[in-house]
Amino acid sequence: MGVFAAALPRSRERPGVAKSVEAFAVCLFPKKKKKKKRSAAMAAIKRLLPSFNRVLVEKIVLPKKSAGGILLPETSKQLNSGKVIAVGPGERDRDGKLIPVALKEGDHVLLPEYGGLEVKLAPEKEYLLFRENDILGTLCD
């Protein structure tokens, strides 16, 4: 029940009066919709569209501590992978035809150990810009 309906006494003769007053109050004072706050990093990612056959990848960094608080050694085998965030339109061949990029947003890819251009969009995440040819493969679930 709303504030207006609780302030009015309920009569036994007309039980629908409180509901109609509440509906009238909602028409006069509609509830404000909360806007979702986007972080500056997400807004920057949405604005960044790679050119040609380039792919923007968010590198997946494994935690250095386990769930129990044990420090994990750096010599453990880590798969150098990432998630595709944005994809360029593709490259053109000699005839001018567009060759689209084989990857799509949301793909998990295997990255080379070295290479790629580091892009700072958010302080806590690591983004890299690769050419499609530099990505080693796609990881399937």
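Please read these numbers as outputs of a predicted model, since none were measured by experiment.

**Student:** Please explain unusual backbone geometry as it appears in this structure.
**Tutor:** Among all residues except glycine, the phi angle is most often negative; among peptide bonds, the trans geometry is most common. Positioned with a positive phi, phenylalanine 52 is a non-glycine residue whose angle comes to about 55 degrees. Here phenylalanine 52 shows up in the loop between α3 (40–47) and β1 (54–59).

**Student:** How should I be thinking about the nonpolar core in this particular structure?
**Tutor:** A general tendency of soluble globular proteins is for nonpolar side chains to be buried together. Ranked by size, the top nonpolar core spans eleven residues in total: Val55, Val57, Val84, Val87, Val101, Leu103, Val109, Leu111, Leu128, Phe130 and Ile135. Mapped by element, the contributors of at least two residues to this core are β1, β2 (81–87) and β7 (127–131). Once residues within four sequence positions are removed from consideration, valine 109 is found in contact with Val57, Asn80, Ser81, Gly82, Val84, Leu103, Ile135, Gly137, Thr138 and Leu139. If you look at the next biggest cluster of nonpolar residues, it comprises eight residues, including Ala86, Leu121, Ala122 and Leu129.

**Student:** How should I be thinking about the pattern of salt bridges in this particular structure?
**Tutor:** A side chain of one charge can pair with a side chain of the opposite charge when the charged atoms of the two come close. In this structure the tally under the stated criterion is three salt bridges. With a shortest N-O distance of 3.9 Å, lysine 125 and glutamate 58 are connected by a salt bridge. Of this pair, lysine 125 sits in the loop between β6 (117–119) and β7 while glutamate 58 is found in strand β1, placing the two residues 67 residues apart along the sequence. Look at glutamate 58 and you get buried, because its relative accessible area is 19%. Lysine 104 serves as the salt-bridge partner of aspartate 107, at 3.6 Å between the closest nitrogen and oxygen. Residue aspartate 107 is classed as buried on the basis of its relative accessible area, which comes to 13%. For lysine 104, a relative accessible area of 55% puts it in the exposed group.

**Student:** I'm lost on the side chain of aspartate 107 in this one. Help?
**Tutor:** The residue aspartate 107 is located in the loop between β4 (98–99) and β5 (108–110) in this model. A distance of 3.1 Å separates the side chain of aspartate 107 from the backbone nitrogen of lysine 104, its partner in a polar contact. Those residues in contact with aspartate 107 that lie beyond four places of it in its chain are Gly82, Lys83, Val84 and Thr138.

**Student:** Help me understand the sheet that holds β6 in this model?
**Tutor:** Picture the strands of a sheet paired through backbone hydrogen bonds; they go either parallel or antiparallel. Pairing in this open sheet of six strands is antiparallel, and the strands run β6-β7-β1-β2-β5-β8 from one edge to the other. With one partner strand each, in any of the chains shown, β6 and β8 (137–139) form the two edges of the open sheet. Between one strand axis and the next, the sheet turns by 45 degrees as a mean value, whatever way the strands run. Two strands pair when backbone bridges link them, and β1 and β2 are joined in this way by five bridges, in the antiparallel orientation. The residue of β2 that forms the bridge with leucine 56 is alanine 86.

**Student:** What am I meant to see in the pairing of β2 here?
**Tutor:** The two faces of a sheet get side chains in turn, since along a regular strand they alternate between them. Within β2, six of the seven residues are buried, which leaves the element mostly enclosed by the surrounding structure. With three bridges connecting them, β2 and β5 associate as antiparallel partners. Across the sheet, residue lysine 83 finds its bridge partner in β5, namely histidine 108.

The rules behind the values
- Residues numbered from 1 in each chain as written.
- Predicted model: local features only at pLDDT ≥ 70, side-chain atom pairs only at ≥ 80, totals over all residues.
- Heavy atoms only, no water.
- Helix = DSSP H or I, 4+ residues; strand = E, 2+ residues; numbered from the N terminus.
- Core = buried A, V, L, I, M, F, W, Y, C linked by side-chain atoms within 4.5 Å.
- Buried < 20%, exposed > 50% of the residue type's maximum accessible area, 1.4 Å probe, protein only.
- Contact = heavy atoms within 4.5 Å.
- Salt bridge = Lys/Arg side-chain N within 4 Å of Asp/Glu carboxyl O.
- Polar contact = N/O pair within 3.5 Å; in protein donor to acceptor, adjacent residues only side chain to side chain.
- Pairing = 2+ DSSP bridges.
- Axes fitted to C-alpha atoms, helices over the stretch in contact; angles between N-to-C directions.

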